[in-house]
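# Descriptive structure summary
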Amino acid sequence: GSGVITAAGFGKIRQVVSASFTSQESTTSDSYTSTVITANITPSSTSSKIYCNVDFKAGCAVSDRSPRYAIFRDSTNIIGSSSTEGAAPYMASAGSWFPYMSLSVLDTPSSSSQLTYVVKFRCQDSTSNATYCGDNVGKSTITLMEILP
């Protein structure tokens, strides 16, 4: 044969959108706050899926905290099962950092309109001190891939 393997259920990548950012942001809010880590994609079909991957530096100013990080499609949290859930790395000591945090999700938006994907973050609760996202030196990245059915 040709060396090409095909199988039912595997789609082809139609388009890739990526962006990188060099910015550190902070919040003291226990409500999700948008970051600069964002990208837009317009699916070619309502049956397409969008794979989203983000990489960034995460941190917290106080110890014994689990700040929350999530990927939103427009206004919908697509990482957690509710609007307040998300990835929650445990920060054992004050000033803790995760040098490279990665979040990924395969989204089924059922849309052929432009979609905006953005990383949002928040403190664990109203008693938390500053939570950080991104880095002034290193890059934060977001990659979107449209996967055809």
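Preceding this section is the structure that the text describes.
An account of the accompanying structure is given in this report. (Residues numbered from 1 in each chain as written. Predicted model: local features only at pLDDT ≥ 70, side-chain atom pairs only at ≥ 80, totals over all residues. Heavy atoms only, no water.)

What follows deals with the pattern of salt bridges. Under the definition given, this model contains two salt bridges. Linking Lys57 and Asp135 is a salt bridge whose minimum nitrogen-to-oxygen distance equals 3.7 Å. Taken as a pair, Lys57 in strand S3 (residues 49-60) and Asp135 in strand S8 (residues 131-147) lie far apart in primary sequence, 78 residues in all. Across the pair Arg73 and Asp107 runs a salt bridge, and its minimum N-O distance is 2.6 Å. A residue pair is termed long-range when its members are at least 10 positions apart, and Arg73 in strand S4 (residues 68-73) and Asp107 in strand S6 (residues 96-107) qualify at 34 residues. Assigned by exposure class, Arg73 and Asp107 land together as buried. (Salt bridge = Lys/Arg side-chain N within 4 Å of Asp/Glu carboxyl O. Helix = DSSP H or I, 4+ residues; strand = E, 2+ residues; numbered from the N terminus. Buried < 20%, exposed > 50% of the residue type's maximum accessible area, 1.4 Å probe, protein only.)

Quick look at unusual backbone geometry now. Of note in the backbone geometry, Asp74 takes a positive phi value of approximately 55° without being a glycine. Tracing the backbone through its elements, the reader meets Asp74 in the loop between S4 and strand S5 (76-77). Exposure remark for Asp74: the relative accessible area of 38% places this residue in the partly exposed category. We note that Ser110 has phi near 50°; this positive angle belongs to a residue other than glycine. Note on placement: Ser110 falls in the loop between S6 and strand S7 (115-122).

Position of Ser48 relative to the elements: it lies in the loop between strand S2 (33-41) and S3. Of note is the side chain of Ser48, whose polar atom sits 2.7 Å from the side chain of Glu146. For Ser48, the contacting residues outside a window of four places in its chain are Pro43, Pro109, Glu146, Ile147, Leu148 and Pro149. (Polar contact = N/O pair within 3.5 Å; in protein donor to acceptor, adjacent residues only side chain to side chain. Contact = heavy atoms within 4.5 Å.)

This structure, assessed with the given rule, holds three aromatic pairs. Taking the centre distance of 5.3 Å and the plane angle of 40° together, the rings of Phe56 and Tyr69 count as tilted. Placement of the pair is Phe56 in strand S3 and Tyr69 in strand S4, with a sequence separation of 13 residues. The exposure classification of Phe56 matches that of Tyr69, with both residues buried. Seen in terms of ring centroids, Tyr69 and Phe121 are 6.2 Å apart; in terms of plane orientation they differ by 15°. Their pairing is stacked. Of this pair, Tyr69 sits in strand S4 while Phe121 sits in strand S7, placing them 52 residues apart in sequence. Look at Tyr69 and you get buried, because its relative accessible area is 0%. Exposure remark for Phe121: the relative accessible area of 0% places this residue in the buried category. Ring-pair connections join several aromatic residues into one group, and the members of that group are Phe56, Tyr69 and Phe121. For Lys120, the ring lying beneath its charged end belongs to Phe72, and the centroid distance is 4.5 Å. One cation-aromatic arrangement involves Arg122 over Tyr32; the distance from NZ or CZ to the ring centre is 5.5 Å. (Phe/Tyr/Trp six-rings, centres within 6.5 Å; stacked < 30°, edge-to-face > 60°. Lys NZ or Arg CZ within 6 Å of the ring centre and 35° of its normal.)

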